[in-house]
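Each chain, letter by letter, is given below.
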Amino acid sequence: MLHITDLQSTVADKPILKGLSLSINAGEIHAIMGPNGAGKSTLAYTLGGRPNYDVTGGSVDFDGQDLFDLAPHERAAAGLFLGFQYPVEIPGVSNLQFLREALNSQRKSRGEEPLSGGAFIKLAKEKAGLLGMDMEMLKRPVNVGFSGGEKKRAEMVQMGILDPKLAILDETDSGLDIDALRIVGAGINTIMRAPDKAVLLITHYQRLLDYVKPDFVHVLAGGRIVKSGGPELALELEREGYAEIVA
Amino acid sequence: MTAVALPTRRSEEWRYSDVESVASIWPVAAPDVIVVGAGEDVARTLLQDAADGAVIVRDFAVTIGAGGTFRAHLLNIGGQLGRVTFDVTLGRGAHFDLNAAIIGGGTQTLEVVTVVTHAEPEATSQQTVRSILADHATGSYLGRIAVARDAQKTDAAQSVKAMLLDRTATANAKPELEIFADDVKCAHGATVGELDSQALFYCASRGLDPKSARTLLLQAFIAGLFDDMADEAERERFEAAALAKLAALNMAEKLA
């Protein structure tokens, strides 16, 4: 589904990713772990197409398409979802309005009919329920006045409604208490654990991986994948620390 | 505002205006006089959407009696020069409320000028102004608040925010406080900014195309200004006119 080959990118002209390769197949969940400054968030933003994150080498194939031929909104319509470490607040726009416009914009670019108001509300209610959010919260402006944990849950509601093929979740576990972590973990499994979907989890800690079991774990350091393994690698990292592995 | 001589930019309240255009319609008509009686609640709406090239100056002189309220909703989007002024005098415990949006493009000059005089104690005023300016447009808010010596417990607030869609556009915000009483609250805040690139990327990452994302964020910027309009049909007319004006700024081409 996602094939990254020798990816190099810069942030504001500073090289961060230095030849990163990674393949993710449908039905798989991958976790990327690594110390601060390794380039984890840069990988997420580079794949998402954030301005100032410039690709300077390598290639990324997403479902048979050159990912970098697509503008950020086209990547979303093609089935890529980026879960933000710090979800952005948009005062004056309700979650429902935001998501309905986003969903229908995606459907339009895929040549599908827009979803009716009623059908959308039904969908939103169902996905919000998965994450323990009520519709009142979705009537509030996007992320405004939400706690850290509520923002992350709202991100997962967005993911549920937009129904992507591939989710790249950047530290979705940060700022979550134990209960919220369990809810978010269950949400990720329900929404994304499917033979035709895949997830790339970016995280500092093992604890999210107790709820969302990865098939593969990779260690990112110095802009490259320096080690790959199964779920046991995450436990090893937790025990030994990054310094041991990265050295 | 009662001056007979043609205004010049040397005069403070015309400093940012398009005085060349004003010459073509000078002298302007006398101000609309609005008298709000004690305890009365009066609302006025003005959708200034004159044709391209028109020169519009509308002046209002408002007196609000004790305990009375005057609410004004203004959408200022039309003409080469669109200038709307309010000269408001508040009696004891009176209230003045202004919600105004300016949306301009091309070489338009759009202005809201207010002089709010708290002549007696315990009066309150709240002014909220949002401007969206593209191309070479100029949008200005000049707001003077005068608090008389005896007007204790005055509570006056101004919130002014401008959004520039092009670096060539200009926003002016000028609060002016003249306070002769000592137990008063006068708050004013003014910001000038651009569309938030983080918010634009967040919208894009959810699948909104650039034009829809910009329209959504700009709508959000002026959202709420007209929510409390009593007449629903009038509110819808304001919102539709604002949206059409935003579309007419042809942002897609310029900002893509």
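Residues numbered from 1 in each chain as written. Chains lettered and ligands numbered in written order. Predicted model: local features only at pLDDT ≥ 70, side-chain atom pairs only at ≥ 80, totals over all residues.

**Examining the overall build of chain B**
Put simply, the test is: We count a stretch as a helix when DSSP gives it H or I for four or more residues in a row; a strand needs E for two or more, and each element gets its number in order from the N terminus. What the globule rule says is 2.2 Å times the number of residues to the power 0.38, and the radius of gyration is computed from C-alpha atoms. Any residue with 12 or fewer other C-beta atoms within 10 Å of its own C-beta is exposed, any with 20 or more is buried, and the rest are partly exposed; the C-beta atoms used are placed from the backbone. We call two residues in contact if the C-beta atoms placed from their backbones are at most 7 Å apart.
Each helix and strand in chain B was counted, giving five helices and twelve strands. The C-alpha atoms of chain B give a radius of gyration of 19 Å, which matches the 18 Å a tight globule of 256 residues would have. Its C-alpha atoms put chain B at 55 × 40 × 35 Å along the principal axes. A total of 256 residues make up chain B; the buried ones form 42% of that total. Here the contacts in chain B between residues at least 6 apart in sequence split such that 81% fall between residues at least 24 apart.

**Topic: the overall build of chain A**
On a plain count of helices and strands, chain A comes out with nine helices and twelve strands. Its C-alpha radius of gyration of 18 Å places chain A within 12% of the 18 Å reference for a compact globule of 247 residues. Burial analysis of chain A (247 residues in total) assigns 44% to the buried set. For chain A, the share of sequence-separated contacts (at least 6 apart) that also reach a separation of at least 24 residues comes to 70%.

**Details of the sheet that holds strand E1 (residues 32-36) of chain B**
All names here are of chain B. Let me state the cut-off plainly: A pair of strands counts as paired when DSSP detects no fewer than two bridges linking them. Between N-to-C directions, angles cover 0 to 180 degrees, with each direction set by a line fitted to C-alpha atoms, over the stretch in contact for helices.
Reading across from one edge, E1-E3-E5-E7-E9-E11 is the order of the six strands in this open sheet, with parallel pairing throughout. Across the chains shown, the open sheet's two edge strands, defined by having one partner strand only, are E1 and strand E11 (170-179). Strand-to-strand twist of the sheet, defined as the mean angle between neighbouring strand axes without regard to direction, takes the value 10°. In this sheet, strand E9 (residues 138-147) lies alongside strand E7 (residues 109-118) in parallel orientation, the contact comprising ten bridges. Residue pairing for E9: Val 112 is matched across the bridge by Tyr 141.

**Focus on the sheet that holds strand E4 (residues 53-62) of chain A**
All names here are of chain A. Spatially, four strands are ordered E2-E1-E4-E5 in an open sheet, and the strand pairing comes out antiparallel. Looking at strand neighbours, the two that pair on one side only are strand E2 (14-24) and strand E5 (65-66), the edges of this open sheet. Alignment of strand E1 (residues 2-11) against E4, held across eight bridges, turns out to be antiparallel. Each bridged residue has a counterpart across the sheet, and for Gln 8 the counterpart in E4 is Gly 57.

**Side note on the interface of chain B and chain A**
Facing 17 residues of chain B, the contacting portion of chain A comprises 20 residues. Within the residue set of the side of chain B that touches chain A, elements represented by two or more residues are helix H2 (197-205) and helix H3 (210-222) of chain B. With seven residues, H2(B) is the largest single contributor of residues to the side of chain B that touches chain A.

**Looking at the environment of Glu244(A)**
Inspection of the secondary structure puts Glu244(A) in helix H9 (residues 242-246). Distance in space between the C-alpha atoms of Glu244(A) and Asp13(A) is 30 Å, their sequence separation being 231 residues.

**Focus on unusual backbone geometry**
Note that the residue after Trp26(B), namely Pro27(B), is joined by a cis bond; omega there is -5°. Looking at where Pro27(B) falls in the secondary structure, it is placed in the loop between helix H1 (19-23) and E1. Non-glycine residue Ala12(A) carries a positive phi angle of around 50°. Position of Ala12(A) among the secondary structure elements: in the loop between E1 and E2. In this structure Ala12(A) comes out as exposed when scored by C-beta crowding, with 8 C-beta atoms within 10 Å. With a phi angle near 50°, Asp163(A) is a residue other than glycine that sits in the positive phi range.

**As for the pairing of strand E3 (residues 55-64) of chain B**
Residue and element names in this part refer to chain B. For E1 and E3, the ladder comprises five bridges, and the chain directions are parallel. By the bridge assignment for E3, Val 33 is matched with Ala 61. As paired strands, E3 and strand E5 (residues 81-90) are joined by ten bridges and run parallel to one another. Its bridge partner being in E5, Ile 64 is matched across the sheet by Leu 90.

**Here we look at the pairing of strand E6 (residues 80-83) of chain A**
Residue and element names in this part refer to chain A. Residues Leu 80 and Leu 82 of E6 are buried on one face, and the alternating residues Phe 81 and Gly 83, pointing to the opposite face, are buried as well. Relative to strand E9 (residues 166-170), E6 is paired through four bridges, and the arrangement is parallel. From the neighbouring strand, Leu 80 faces E9, where its bridge partner is Leu 166.

**Here we look at the nonpolar core**
Cut-off, in case you're wondering: For this entry, the nonpolar core is defined as buried Ala, Val, Leu, Ile, Met, Phe, Trp, Tyr and Cys residues connected by C-beta atoms within 7 Å.
Of all hydrophobic cores here, the largest spans 131 residues; its most connected members are Val199(A) and Leu201(A). If sequence neighbours within four positions are ignored, Val199(A) has contacts with Ile29(A), Ala167(A), Leu169(A), Ile188(A) and Met192(A). Core analysis: the second largest hydrophobic core is formed by five residues, Val55(B), Ile56(B), Val57(B) and Leu81(B) among them.

**Some words on the confidence of the model for chain B**
To keep it simple, the criterion reads: For every residue, the predictor reports its confidence as pLDDT, a number between 0 and 100.
Mean pLDDT over chain B stands at 93; residues scoring 70 or higher make up 96%. Interface confidence for the predicted complex, expressed as ipTM, amounts to 0.95; the pTM equals 0.86.

**A short note on the environment of Arg182(A)**
All names here are of chain A. Checked against the element boundaries, Arg 182 lands in helix H7 (residues 178-192). Judged by the 13 C-beta atoms lying within 10 Å of it, Arg 182 is partly exposed. Taking the C-alpha atoms as reference points, Arg 182 and Ala 78, 104 residues apart in sequence, are found 29 Å from one another.

**Re the packing of H2(B) against H3(B)**
Residue and element names in this part refer to chain B. Note the cut-off: Here the angle decides the label: under 35 degrees means roughly parallel, over 145 means roughly antiparallel, 65 to 115 means roughly perpendicular, and every other value means oblique. Here a crossing is taken to be left-handed if its near helix is turned anticlockwise relative to the far helix by less than a right angle, and right-handed if that turn runs clockwise. By the convention adopted, Pro, Cys, Tyr, Trp, Phe, Met, Ile, Leu, Val and Ala count as nonpolar, Lys, Arg, Asp and Glu as charged, and the other residues, Gly among them, as polar.
Packing of H2 against H3 leaves a shortest axis separation of 9 Å and a crossing angle of 125°. Considering the angle they form, H2 stands oblique to H3. The handedness of the crossing between H2 and H3 comes out as right-handed. Contacts between H2 and H3 pair Ala 199, Leu 200, Cys 203 and Ala 204 from the former with Pro 210, Ala 213, Leu 216 and Leu 217 from the latter. Tallied by class, residues from the contact of H2 with H3 come to eight nonpolar, no polar and no charged.

**Let's talk about helix H4 (residues 232-248) of chain B**
All names here are of chain B. Using the following cut-off: In this analysis, the expected span of each helix is defined as 1.5 Å times one less than the number of residues it contains. Along the arc lie the directions from the helix axis toward the C-beta atoms.
Between the first and last C-alpha of H4 there are 24 Å, a value that for 17 residues agrees with the 24 Å anticipated at 1.5 Å per step. Residues Phe 238, Ala 242 and Leu 246 constitute the buried set of H4. Take H4 and look down its axis: the buried residues cluster within an arc of 70°, on one side only. Opposite its buried face, H4 presents the exposed residues Ala 233, Glu 236, Ala 240, Ala 244 and Ala 247, each directed more than 90 degrees away. Looking at the buried positions of H4, the neighbouring elements they touch are strand E2 (41-48), strand E4 (69-76), strand E6 (95-104) and H3.

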